[in-house]
Every structure is written in C-alpha cells, then in structure tokens.
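# An overview of the molecular structure
Read off the chains here:
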Amino acid sequence: AQSVTQLDSHVSVSEGTPVLLRCNYSSSYSPSLFWYVQHPNKGLQLLLKYTSAATLVKGINGFEAEFKKSETSFHLTKPSAHMSDAAEYFCVVRPPSGNTPLVFGKGTRLSVIA
Amino acid sequence: DAMVIQNPRYQVTQFGKPVTLSCSQTLNHNVMYWYQQKSSQAPKLLFHYYDKDFNNEADTPDNFQSRRPNTSFCFLDIRSPGLGDAAMYLCATSRTLGGNQPQHFGDGTRLSIL
C-alpha cells in the first residue's frame, strides 16, 4: 500500500531565505510522486512531478524536488522564498499502474514573513 | 487556455435541499474526479469517471451521486445535504488513470449549508 508522510504541518520562513518542505513516501513499487500547491480558496496546482526520468526535478516558480530512493524521500526546496509562496503544499504519491487513486499527504502550510 | 472550470464558486443551500455542482473541462481528458476537501485537510476522493464508467469510492456516502453526460461536463449531486457536507468540492481531470499522469484541478466550489 502507498502512503505519504509530510513531516511538518507548518513551516515558517523569512522572505528571501530557503524553503524546505519534507515528504517521505512508502511504496512497494516505483511510484510517481507529485507536489501540488493550493492557495486560499483555490484548487490544487501542479508544481512538479517525478516519473523516474531524473532524480532532481525542476518545477514551476523556482521549486525543485529530489527523489532519494535510499531515504524514500521527495523533499521540496526553493532557494529564496517569496511572499507569494505562502500556501498549502501537498505531497502526493501514485502507484505506477492500475485504477488506484492519488494518495495525499496531510499538507504543509508555508508561511512567509516579510 | 485549456482548463477545468467549476460553477458556481460559492454555493449556499439549506439543510436537506438537493444541490448540484458543475464542472466542465476543455482538456478533452478521459477521466474526471470529484473530491471533498474540509478545512485544513487533504482532498478526499469521492468518485471518478473513466469515460462513461463510474467508479465510486467505498466510503462515499449514498447521498452523493454524479453524472457525466458527455466528455466535457461532470456534475456532483448531493441529494439531502447535511451540516457535515459543508466543504470545498474540487473537480479534477487526467488524461488516463494511474501512472505519471498528473491531475488538473478546478478552483473548487465552496458549499455552505444553512
């Protein structure tokens, strides 16, 4: 069975400092992994996805994530936080095939302080 | 731009009064999903359509039903809304099921129950 653990429910950073949002997954197979962002009263927007082509994945808005199989991690990073990055972030896993739904982490709320 | 559109953005209904939420897509995707998201929680999948094939999650209440009259449109019907059904309802689409296909989300409909 697939599962996702987002290690922090809330992260607070100062504007211009690095962002690290942590995600660990559990999967019996090579999963597809995604990060989504949700701004208040909005739907989820895809930031990036890992599909085994490369372990370092670059996404939109300067975000990137590194897939580390040995650590079963897929942490999201950004070198310099912007005020507009304040939002809820979801790490999501999906098995490689079959009629199975996405498995969501519980989310990490990112606050950016001016 | 191709997108997923949900109407209305905000819906208020009375306890027990049927309500229908609407979703349309211009992506020509085969799969359409409905999620329920309560405050500070991850989205919870209610059901999905793969083309005309309907798939209900095991724990989705009977009170929730869906219709997909054509590729572009999908409706969520709540037959007798209770106070516990107040939530954000998200529609999403994907090209296929499973694998590395991301889901594309609409901005949601926030449902309030009086």
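Residues numbered from 1 in each chain as written. Chains lettered and ligands numbered in written order. Predicted model: local features only at pLDDT ≥ 70, side-chain atom pairs only at ≥ 80, totals over all residues. Heavy atoms only, no water.

## Side note on the side chain of Gln-38 of chain A
Heads up, the condition is: By definition, any uninterrupted DSSP run of H or I lasting at least four residues is a helix, any uninterrupted run of E lasting at least two residues is a strand, and each is numbered from the N terminus. Polar contact is defined as a pair of N or O atoms within 3.5 Å, subject to the rule that within protein one atom must be able to donate a hydrogen and the other to accept it, and that residues adjacent in sequence are counted only when both atoms are side-chain atoms. Two residues qualify as a contact provided that any one of their heavy atoms is within 4.5 Å of a heavy atom in the partner residue.
Along the chain, the position of Gln-38 of chain A falls in strand β5 (residues 32–38). Among the polar contacts made by the side chain of Gln-38 of chain A, one reaches the main-chain carbonyl oxygen of Lys-42 of chain A at a distance of 2.8 Å. Within the structure, the side chain of Gln-38 of chain A is placed 2.8 Å from the side chain of Gln-37 of chain B, a separation counted as a polar contact. Apart from residues no more than four positions distant in its own chain, Gln-38 of chain A is found in contact with Gly-43, Leu-44, Ala-87, Glu-88 and Phe-90 of chain A together with Gln-37 and Leu-90 of chain B.

## Observations concerning the packing of aromatic side chains
This is how it is decided: Working definition: a ring pair exists when centres of Phe, Tyr or Trp rings (six-membered ring for Trp) sit within 6.5 Å. Plane angles under 30 degrees give stacked, over 60 give edge-to-face, the rest tilted. A simple rule labels every residue: compare its accessible area, found with a 1.4 Å probe on the protein chains alone, to the largest value its type can have, and call it buried under 20%, exposed over 50%, or partly exposed in between.
Under the counting rule described, the total for this entry stands at 14 aromatic pairs over all chains. Centroid distance Tyr-50 of chain A to Phe-74 of chain A: 6.2 Å. Interplanar angle 55°. Geometry classified as tilted. Remark: Phe-74 of chain A occurs in strand β9 (residues 73–78) and Tyr-50 of chain A occurs in strand β6 (residues 44–50); sequence separation between them is 24 residues. Each member of the pair, Tyr-50 of chain A together with Phe-74 of chain A, is buried. On the basis of an interplanar angle of 50° and a centroid distance of 5.3 Å, the ring pair of Phe-47 of chain B and Phe-54 of chain B is categorised as tilted. On the accessibility criterion, Phe-54 of chain B (37% relative accessible area) is partly exposed. Put simply, the rings of Phe-34, Tyr-36, Phe-90 and Phe-104 of chain A together with Tyr-33, Tyr-35 and Phe-105 of chain B touch in pairs and so form one group of aromatic residues.

## Examining unusual backbone geometry
All names here are of chain B. Cis geometry is found at the peptide bond from Asn-7 to Pro-8, where omega equals -15°. For Pro-8, the position within the fold is in the loop between β1 (4–7) and β2 (10–13). You will see that Ser-40, though not glycine, has its phi angle at about 60°, which is positive. Mapped onto the secondary structure, Ser-40 falls in the loop between β4 (31–37) and β5 (44–50).

## Digging into the interface of chain A and chain B
Definition in use: Take the accessible area each of two parts loses on contact, using a 1.4 Å probe, and add the two losses: that sum is the buried area. The working definition used for a salt bridge is a side-chain nitrogen of Lys or Arg within 4 Å of a carboxyl oxygen of Asp or Glu. In this count, Pro and Cys sit with the nonpolar residues alongside Ala, Val, Leu, Ile, Met, Phe, Trp and Tyr, while Asp, Glu, Lys and Arg are called charged and the others, Gly among them, polar.
Every contact between the two is made by 22 residues of chain A and, on the other side, 25 residues of chain B. Taken together, the two surfaces of chain A and chain B that pack against each other cover about 1,800 Å², and 50% of this comes from carbon and sulfur. Taken together, the links from chain A to chain B amount to 1 salt bridge. Between Lys-42 of chain A and Asp-107 of chain B there is a salt bridge, with its nearest N and O atoms 3.6 Å apart. Put simply, chain A and chain B have 7 residue pairs in polar contact (both at pLDDT 80 or more) between them. Those elements giving two or more residues to the side of chain A that touches chain B turn out to be β5, β6 and β10 (87–94) of chain A. A per-class count over the side of chain A that touches chain B returns 10 nonpolar, 9 polar and 3 charged.

## Points about the side chain of Gln-36 of chain B
Residues and elements named next belong to chain B. Tracing the backbone through its elements, the reader meets Gln-36 in strand β4. The buried category is assigned to Gln-36, whose relative accessible area is 11%. Once residues within four sequence positions are removed from consideration, Gln-36 is found in contact with Ala-42, Pro-43, Lys-44, Leu-46, Phe-64, Gly-84, Asp-85, Ala-87, Met-88 and Tyr-89.

## Details of the pattern of salt bridges
All names here are of chain A. A full pass over the atoms with the stated rule returns 6 salt bridges over all chains. The partner of Lys-78 in a salt bridge is Asp-85, with the nearest N and O atoms 2.8 Å apart. Each member of the pair, Lys-78 as well as Asp-85, carries the same accessibility label: buried.

## Some points on the environment of Ser-27 of chain A
Residues and elements named next belong to chain A. Considering the arrangement of structural elements, one finds Ser-27 in the loop between β4 (23–26) and β5. In this structure Ser-27 comes out as partly exposed when scored by relative accessible area, which is 22%. Put simply, Ser-27 and Gly-43 are 16 residues apart on the chain and 26 Å apart in space, counted from C-alpha to C-alpha. Not counting chain neighbours up to four residues away, the residues in contact with Ser-27 comprise Ala-1 and Gln-2.

## Side note on the state of the cysteines
Residue and element names in this part refer to chain A. Put simply, the test is: Cysteine sulfurs are considered disulfide-paired once they come within 2.5 Å of each other.
Inspection of every chain in the model, using the stated rule, returns 2 disulfides over all chains. The partner cysteine of Cys-23 in its disulfide is Cys-91, sulfur to sulfur 2.0 Å. For the disulfide bridge between Cys-23 and Cys-91, the dihedral angle about the S-S bond is near -65°, and by the sign convention the bridge is left-handed. Taken together, the residues Cys-23 in strand β4 and Cys-91 in strand β10 connect sequence positions 68 residues apart.

Any link to function would need more than the numbers given here.
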